[in-house]
Amino acid sequence: MSTSIAPWFEHDRFGMFIHFGLYSAAARHEWVKNREELTTAEYQRYFDHFDPDLADPADWAAQAKAAGMRYVVLTTKHHDGFCLWDASNTDYKITNTPYGKDLVRAYAEAAREAGLRVGFYHSLIDWHHPDFTVDGYHPQRGDSAAREANAGRDFGRYVDYLHAQVRELLTDYGRIDYLFYDFSYPGHPEGGKGRADWRSEELLALTRQLQPGIVVNDRLDIPADIVTPEQYQPVSPMLRDGEEVPWEACQTTNGSWGYDRDNHDHKSPDLIVRMLANSVSNGGNMLLNVGPNGRGEFDPTDRHILREVGDWMRLHERAIIGAGPSAYVAPADCHYTQAGNRLYVHVFAWPMGHLHLPDLAGKVSYAQLLHDGSEINRVVHEAGTEGLTTQPGGQPAGTLTLELPMRAPSVALPVIELFLTDQRNEVQP
Ligand code: GLC
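The notes below deal with the structure included here. (Residues numbered from 1 in each chain as written. Predicted model: local features only at pLDDT ≥ 70, side-chain atom pairs only at ≥ 80, totals over all residues. Heavy atoms only, no water.)

Describing the site of the ligand
Then comes step 1: Taken together, 14 residues are adjacent to the ligand, and His19, Glu30, His78, His79 and Glu230 come closest.
Then comes step 2: Taking His79, its side chain carries an N or O atom lying 2.8 Å from an oxygen atom of the ligand.
Then comes step 3: Within the contact set of the ligand, an oxygen atom lies 3.0 Å away from a side-chain nitrogen or oxygen of Asp182.
Then comes step 4: Here the ligand loses 94% of its free accessible area of 310 Å² to cover by the protein chains. (Near = heavy atom within 4 Å. Polar contact = N/O pair within 3.5 Å; in protein donor to acceptor, adjacent residues only side chain to side chain. Areas by Shrake-Rupley, 256 points an atom, 1.4 Å probe, with all protein chains shown as cover.)

Set out below in structure tokens:
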């Protein structure tokens, strides 16, 4: 693991992403302005009607906490350019909508109050600012007049605006632990933007200067503290130039970040739990997104998912928080996480009767199911033993065999806690 990154990040492992903005009212994905090529005038109806009267950041924080999450990341501005705080350099902000309040302030205070680390997501892209040049992702990409007008746009002025917003957000809202910039696309064939456009080095330096110790992602098109695989699960530690790098998988509940009313493609809670365990077993974090609806509430399906994940986390937290990968190699259908001398076997597919763990014979002093603290019997089959009619065998020397109950415990993902007699194989910071 990295030594320079803030230690809380790789300890805490599990966070909540919150995508909220004007698109939450459109309720058909946060890229609706792009997908439907809406003009700012057409998009204005979401601004005029934006009134999330049930938005309760204390409730958001409480649900994150109950789900076992340790940090939260809110969109201060998404690609549509709408600002959720009382930004001093634009009128395109929440305080000018019917809602009229600074949600970023309420959010930061509520998260801190709940003991959660506070993160911001801030879009580099801005489809509202008049100086943001029309490129391959812009909603007006198909409008030749809008493209021709690029000649008169002063992109540098937009970047000054962007930097000033970051300065304000990192100055006026207390301690900010994490910043997710989004995103760079320098190679886009119809016009992209990257580090030179955003003045990324300068922006990163400003970020660190204003909030020493902040964790910053990699989407400024220059390396920073973490890499952010999106909507896929890495199956091994992530590398940058051949070196392991801290990472965080950002995941949705249903494939959309912003509230998407008619999308019912939700992952099951037990899949989400397996994704979390899988992330930690490969040295990563998981940032699970919820998109509050137009009234500012999490929808019932997301609430249900969070509750179920929280039920699992209540019993299995120590296999995730403060845990990391193990140098031991897990058998098929299992993933290991480790914290000190505790090795956690996450059993993805419950086997019949026996679980054979390579290389652990003589290295485990006690074994129990984590959810109920019930002892698990261990046996070592002598090397070279052949399987007999009613006697398992045929395992390589050094294998430790656990005798499991026939029925899998009724938890989203069963975990066995092994107490190791030594920590030589521990992979920890
Ligand atoms: C992407 C999308 C975006 C989402 C983000 C989360 O870059 O543009 O809508 O906010 O990923 O990782």
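A word on the packing of helix H5 (residues 57–66) against helix H6 (residues 103–113)
Then comes step 1: Look at H5 against H6: their axes get within 8 Å of each other, and the N-to-C directions meet at 40°. The angle between H5 and H6 places the two elements in the oblique class. Considering the relative orientation of H5 and H6, their crossing is right-handed. For the pair formed by H5 and H6, the contact residues are Pro57, Ala58, Trp60 and Ala61 on the first element and Leu103, Ala106, Tyr107, Ala110 and Ala111 on the second.
Then comes step 2: Residues belonging to the contact of H5 with H6 are distributed by class as follows: 9 nonpolar, no polar and no charged. (Axes fitted to C-alpha atoms, helices over the stretch in contact; angles between N-to-C directions. Helix = DSSP H or I, 4+ residues; strand = E, 2+ residues; numbered from the N terminus. Parallel < 35°, antiparallel > 145°, perpendicular 65-115°, else oblique. Left-handed = near helix turned anticlockwise from the far one by under 90°. Contact = heavy atoms within 4.5 Å. Nonpolar A, V, L, I, M, F, W, Y, C, P; charged D, E, K, R; others polar.)

Overview of unusual backbone geometry
Then comes step 1: Residue Phe183 is reached from Asp182 by a cis peptide bond, and omega for that bond is -15°.
Then comes step 2: In this fold, Phe183 is placed in the loop between strand E4 (178–182) and helix H9 (195–198).
Then comes step 3: Although it is not a glycine, Asp241 adopts a positive phi angle of roughly 50°.
Then comes step 4: In this structure, Asp241 sits in the loop between strand E6 (239–240) and strand E7 (243–244).

Digging into helix H11 (residues 269–281)
Then comes step 1: In a regular helix each residue adds 1.5 Å, so 13 residues correspond to 18 Å; H11 covers 18 Å between its end C-alpha atoms and thus fits that length.
Then comes step 2: Taken across its 13 residues, H11 has 10 buried, putting it largely inside the fold.
Then comes step 3: For H11, the set of buried residues is Pro269, Ile272, Val273, Met275, Leu276, Ala277, Asn278, Ser279, Val280 and Ser281.
Then comes step 4: Where the residues of H11 are buried, they touch strand E1 (14–18), strand E8 (247–251), strand E9 (284–290), helix H12 (300–316), strand E10 (334–339) and strand E11 (342–347). (Expected span 1.5 Å × (residues − 1). Buried < 20%, exposed > 50% of the residue type's maximum accessible area, 1.4 Å probe, protein only.)

A look at the environment of Arg240
Then comes step 1: Within the secondary structure layout, Arg240 lies in strand E6.
Then comes step 2: For Arg240, a relative accessible area of 29% corresponds to the partly exposed category.
Then comes step 3: It is 8.8 Å that separates the C-alpha atoms of Arg240 and Val227, two residues lying 13 residues apart in sequence.
Then comes step 4: With sequence-adjacent residues up to four places away left out, Arg240 is seen in contact with Pro223, Ala224, Val227 and Val245.

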